[in-house]
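# Report on the structure
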Amino acid sequence: LGGYRTPWLGIMPFFGGEYYRIGDHSFVPDSAAVWGGLNVRPTPRVVLKGQFTHAWFVTPVPGFTDEPSFQGLDFQIAWSF
């Protein structure tokens, strides 16, 4: 996970990645994900967040002819008090 807060409106782009390996004898295949997004802080107590995620199975999944994957877009408004 990495990010950098710019001096403009508290804008902070971020990115990250992860890899899951349960084990050689697991019925769950290895999987990976990468994501990136933007945090915007219009006031010191409010943060607007947006994130795009792409996840996929690294090893073949039995019973699937294609490689299943997931794309997601998430938004959040966080307010601290």
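Refer to the structure above for everything that follows.
Just so it is clear, the structure is predicted and the values come from calculations on it, not from any experiment.

Reading the values: rules and limits
- Residues numbered from 1 in each chain as written.
- Predicted model: local features only at pLDDT ≥ 70, side-chain atom pairs only at ≥ 80, totals over all residues.
- Heavy atoms only, no water.
- Phe/Tyr/Trp six-rings, centres within 6.5 Å; stacked < 30°, edge-to-face > 60°.
- Buried < 20%, exposed > 50% of the residue type's maximum accessible area, 1.4 Å probe, protein only.
- Pairing = 2+ DSSP bridges.
- Helix = DSSP H or I, 4+ residues; strand = E, 2+ residues; numbered from the N terminus.
- Patch = residues over 30% accessible without salt bridge, like charges linked within 9 Å, V, L, I, M, F, W, Y side chains within 5 Å.
- Areas by Shrake-Rupley, 256 points an atom, 1.4 Å probe, with all protein chains shown as cover.
- Salt bridge = Lys/Arg side-chain N within 4 Å of Asp/Glu carboxyl O.
- Contact = heavy atoms within 4.5 Å.
- Polar contact = N/O pair within 3.5 Å; in protein donor to acceptor, adjacent residues only side chain to side chain.

The next thing to look at is the packing of aromatic side chains. Applying the stated rule across the entire model yields one aromatic pair. For the ring pair Trp 79 and Phe 81, a centre distance of 5.1 Å and an interplane angle of 45 degrees mean the geometry is tilted. Taken individually, Trp 79 and Phe 81 each receive the classification exposed, so the pair is uniform in this respect.

Glancing now at the sheet that holds strand E2 (residues 12-20). The antiparallel open sheet is built from five strands, whose spatial order is E1-E2-E3-E4-E5. Two strands close off the open sheet at either side, each with one partner strand: strand E1 (2-3) and strand E5 (69-79). Direction of pairing for strand E3 (residues 31-43) relative to strand E4 (residues 46-57): antiparallel, over a ladder of 11 bridges. Along E4, the bridge assignment pairs Ala 32 with Trp 56.

The grouping of Ile 22, Phe 27 and Val 28 at the surface amounts to a nonpolar patch, some 380 Å² of accessible area in total. Position of Val 28 among the secondary structure elements: in the loop between E2 and E3.

Another aspect to go through is the side chain of Thr 6. Here Thr 6 shows up in the loop between E1 and E2. Beyond its immediate chain neighbours, meaning those up to four positions away, Thr 6 contacts Ile 11 and Pro 13.

In this sheet, E3 lies alongside E2 in antiparallel orientation, the contact comprising nine bridges. Counted as the bridge partner of Phe 15 is Gly 36 from E3.

Here Asp 30 is to be found in the loop between E2 and E3. Judged by relative accessible area, which is 6%, Asp 30 ranks as buried. Here Tyr 19 takes part through its side chain, which lies 3.0 Å from a polar atom of the side chain of Asp 30. When sequence neighbours within four positions are dropped, the list of residues in contact with Asp 30 reads Tyr 19, Tyr 20, Arg 21, Ile 22, Phe 57, Val 58 and Thr 59.

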